[in-house]
Amino acid sequence: MKIYFTTGYENPKKSGDNISKILDIIKTREHKVIKRPLKAEHGANKYDVDEQKVKHIFDFLDKPLEKIYSEATARIRNSDVVIAEASYFVSPGLGFELGYALQERKPVLVLTSEESDIVLSEVIEGNPSKLFYSEKYSNQADLESLIKNFISEAKSKMDTKFILIISPEIDKYLEWSSSERRMHKAQIVRNAVE
């Protein structure tokens, strides 16, 4: 399973050990970690974080912002699930990634430490999606259990790919409808079937 892992840029300062544990749990279960791409100089200039100490968490790229955006959204689309650690800092980018993942019908797990006094946005906590999970952990053993249960549950909810051959008339309608509704053609078909 491909797991997109993300966290706010300042979170490693306080929850670095827990983030490392999350990544270890994912890797020891033989899943592939897909890292959040960031602009190479982003952290050093804005957050006073040594990039060398967080290279195992983020993928630093020396590319224009548009390319990094495209890379991040492609990585989310190509992942099976998204796991986020949000104990101390929820950046606007992290919020966007969570929303984008849910729009792409990816199961999302947001982990926060019970030691943290962070209050997640009502828009995050109040999300009624059956693909969204928000869990608190008190120790690293909790992380193991929460991640294992999330992956097991996510596997049962993952979409199945299905090839559908359609006529040119239907394709023309789906192109028009996709443009009008700002949705993927597959989502329009899925909605009609549901």
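Residues numbered from 1 in each chain as written. Predicted model: local features only at pLDDT ≥ 70, side-chain atom pairs only at ≥ 80, totals over all residues. Heavy atoms only, no water.

## A closer look at the packing of aromatic side chains
Working definition: an aromatic ring pair is given by the centre-to-centre distance plus the angle between the planes. Rules: Whether two aromatic rings pair depends on their centres lying within 6.5 Å, for rings of Phe, Tyr and Trp, where Trp uses its six-membered ring; planes under 30 degrees apart make the pair stacked, over 60 edge-to-face, and the rest tilted.
Tallied over the full model, the rule gives 7 aromatic pairs. Each member of the aromatic cluster is reached from another via a ring pair, and the members are Y9, F58 and F60.

## Some details on the pattern of salt bridges
Just so we agree on the cut-off: Salt bridges are defined as contacts in which a side-chain nitrogen from Lys or Arg sits within 4 Å of a carboxyl oxygen from Asp or Glu. Each helix corresponds to a stretch of at least 4 residues labelled H or I by DSSP, and each strand to a stretch of at least 2 residues labelled E; elements are numbered beginning at the N terminus. Only protein chains enter the area calculation, which uses a 1.4 Å probe; residues under 20% of their type maximum are buried, those over 50% are exposed, and those in between are partly exposed.
Following the criterion strictly, the structure yields 8 salt bridges and no others. Of the charged contacts, one joins D59 and R75 as a salt bridge, the two residues approaching to 2.6 Å between their closest N and O atoms. On the criterion of sequence distance, the pair formed by D59 in strand β3 (residues 58–61) and R75 in helix α3 (residues 65–77) is long-range, its members being 16 residues apart. Its relative accessible area of 22% is what places D59 among the partly exposed residues. Residue R75 is classed as buried on the basis of its relative accessible area, which comes to 15%.

## Considering the confidence of the model for the protein chain
Let me state the cut-off plainly: Looking at any residue, its pLDDT shows the predictor's confidence there, from 0 to 100.
Mean pLDDT over the protein chain works out to 87, with 94% of the residues at or above the 70 mark. Within the protein chain, the element-level pLDDT minimum falls on helix α2 (residues 42–46), averaging 56, and the maximum on strand β4 (residues 81–85), averaging 96.

## Structural notes on the environment of L111
Put simply, the rule is: Whether two residues are in contact is decided by their heavy atoms, any of which lying within 4.5 Å being enough.
With respect to the helices and strands, the residue L111 is situated in strand β5 (residues 108–113). Classification of L111 by relative accessible area gives buried; the value is 0%. Taking C-alpha positions, L111 is 4.8 Å from E85, a pair spaced 26 residues apart along the chain. Discounting residues that sit within four places of it in the chain, L111 has contacts with I22, I83, A84, E85, A86, S87, E135, Y137, L143, L146 and I147.

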